[in-house]
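# Coordinate inspection notes
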Amino acid sequence: MKEIEKTHIQELAECISSLIENARKQVRTAVNTTMVYTYYEVGRYIVEDEQNGQTHANYGKAVLKELSANLTEKFGAGWSVETLTKCRRFYNVYSISQTAFTKSEKSALRANNLNPKNIIPKMNFVHSVDEIHNFILPWSHYQVLMREENPQARSFYEKEAYNQQWSVRQLQRQVASSLYERLALSRDKEEVMRLANEGQTIEKPTDIIKNPLVLEFIGLKPDSAYSESKLESAILSKLQDFLLECGKGFLFEARQKRFTFDEDNFYVDLVLYNRLLQCYVLIDLKVDKLTHQDLGQMQMYVNYFDRYVKQEFEKPTIGILLCKTKSDAIVELTLPKDANIYAQQYALCLPDKSLLQTKVREWISEYKDINEEEEEG
């Protein structure tokens with residue numbers, strides 16, 4: 001066979017392979033979506049059966065045990081009491097105000113001796129419920145999400161997991177690290193309300209700041225002594241996790257980036273690029289308390305990149321001083337108001353989630369009080 005014919009067949013095979021792979025992906029997505037809606041409906045049946053049944057202490061456990069045995073006999077493994085319990089919790093967490101059948105519809109069904117379960121298989125779950133939650137993730141992700149008590153945080157994590165294509169492990173880590181609360185506490189009160197509705201939006205430099213940045217994955221002990229070079233090496237050994245913690249759109253360019261000015265050499269610890277903001281992000285690591293000299297040095301780094309490195313189409317360079325402790329008063333006094341430089345603390349262990357949740361609730365409460373006062377005034 002001629003070489004040109006082989007090349008043609010290879011190209012044709014690649015096109016068909018791409019088509020098949022895409023079809024398989026769509027089938028997997030459809031199967032996952034159907035599974036999630038099925039679990040939701042299973043949970044609804046269980047909850048409604050419990051609400052309509054005799055109420056006593058062992059009612060729920062007895063029903064689930066018998067139901068599990070019945071379903072396992074018909075469909076095999078996968079319908080344990082634990083799974084049915086998750087389905088019930090899933091429905092309780094995500095049910096809104098209406099389910100597939102309103103009270104009037106159920107009464108009509110019973111009057112005609114019809115059972116909703118005989119109709120459900122013929123229904124398209126997505127269109128059968130006007131106000132059903134729009135499930136966009138696999139079941140494994142919702143098993144993590146339904147453990148989150150705060151509805152706003154749960155909504156945020158769901159949107160971010162979908163938009164950023166987080167794996168289950170990544171979602172678990174972000175929930176455990178209180179990403180929602182840390183982002184909320186790093187923003188103006190007006191912007192906190194957007195997090196749950198829109199997820200994390202990256203429109204300006206402050207959108208990439210978290211309070212604090214959590215680096216528990218690098219393996220350094222909070223109470224141990226370590227140098228800035230050791231911290232840098234630990235971060236780079238877990239670069240993928242570090243970029244995930246930094247947030248959306250970050251790309252790594254260099255470590256210890258050298259530039260020469262007026263015959264002196266200077267080194268930036270980490271140089272990143274944010275493709276959403278279209279700008280360089282310079283990171284300097286500080287293992288001790290932040291000083292005004294550190295801030296001045298970062299100002300020089302940012303000025304150099306703005307004047308000699310960035311292209312005309314790019315936005316101004318962002319400087320981040322990643323420090324163990326800082327004084328907000330020193331930062332405010334040292335930097336001009338329009339400085340594109342931010343002092344951000346880091347932590348080597350997961351934050352106290354309950355404490356952060358309390359702070360966020362206080363912020364939201366204060367925000368609502370201010371709005372009510374303005375409306376009354």
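Use the structure listed above.
Here's a quick rundown of the structure. (Residues numbered from 1 in each chain as written. Predicted model: local features only at pLDDT ≥ 70, side-chain atom pairs only at ≥ 80, totals over all residues. Heavy atoms only, no water.)

Quick look at the overall build of the protein chain now. In terms of regular secondary structure, the protein chain is built from 16 helices and 6 strands. Relative to its 377 residues, the protein chain shows a buried fraction of 41%. In the protein chain, once contacts between residues fewer than 6 apart in sequence are set aside, the share between residues at least 24 apart is 66%. Here the protein chain has roughly 22,100 Å² of accessible surface; of this, 50% comes from carbon and sulfur atoms. (Helix = DSSP H or I, 4+ residues; strand = E, 2+ residues; numbered from the N terminus. Buried < 20%, exposed > 50% of the residue type's maximum accessible area, 1.4 Å probe, protein only. Contact = heavy atoms within 4.5 Å. Areas by Shrake-Rupley, 256 points an atom, 1.4 Å probe, with all protein chains shown as cover.)

With that settled, consider the nonpolar core. Grouped together as the largest cluster of nonpolar side chains are 42 residues, with contacts concentrated most on Phe90, Tyr94, Phe135, Tyr142, Tyr157, Leu171 and Tyr180. Of all the elements, helix H1 (residues 3-52) adds the most residues to this core, at 7 residues. Once residues lying within four places of it in the same chain are set aside, the contact partners of Tyr157 are Leu145, Glu148, Trp166, Leu171, Gln174, Val175, Ser178, Leu179, Tyr180, Glu181 and Lys353. With 31 residues, the next largest nonpolar core counts Leu220, Leu231, Leu236 and Tyr342 among its residues. (Core = buried A, V, L, I, M, F, W, Y, C linked by side-chain atoms within 4.5 Å.)

Even without being glycine, Glu263 reaches a positive phi, approximately 65°. Inspection of the secondary structure puts Glu263 in the loop between strand E2 (250-261) and strand E3 (264-274). Even without a glycine there, the phi angle at Gln278 is positive, about 55°. Relative to the assigned elements, Gln278 resides in the loop between E3 and strand E4 (279-289).

Turning our attention to helix H14 (residues 292-308). Helix length check: H14, at 17 residues, gives a terminal C-alpha distance of 24 Å against a target of 24 Å (1.5 Å per residue), a fit within 8%. What H14 keeps buried is the set Asp294, Leu295, Met298, Tyr301, Val302, Tyr304 and Phe305. Taken together, the buried residues of H14 touch E2, E3, E4, strand E5 (318-325), helix H15 (328-334) and strand E6 (341-347). (Expected span 1.5 Å × (residues − 1).)

Mapped onto the fold, Glu245 is located in helix H13 (residues 239-246). Within the structure, Glu245 has its side chain in polar contact with the side chain of Arg173 (distance 2.5 Å). Among residues more than four places away in sequence, those in contact with Glu245 are Arg173, Gln174, Arg182, Lys210, Pro212, Leu213, Val214, Leu215 and Phe217. (Polar contact = N/O pair within 3.5 Å; in protein donor to acceptor, adjacent residues only side chain to side chain.)

Moving on to the side chain of Glu232. Here Glu232 lies in helix H12 (residues 228-237). For Glu232, a relative accessible area of 3% corresponds to the buried category. Apart from the residues within four sequence positions on either side, Glu232 is in contact with Arg255, Gln256, Asp269, Leu270 and Leu285.

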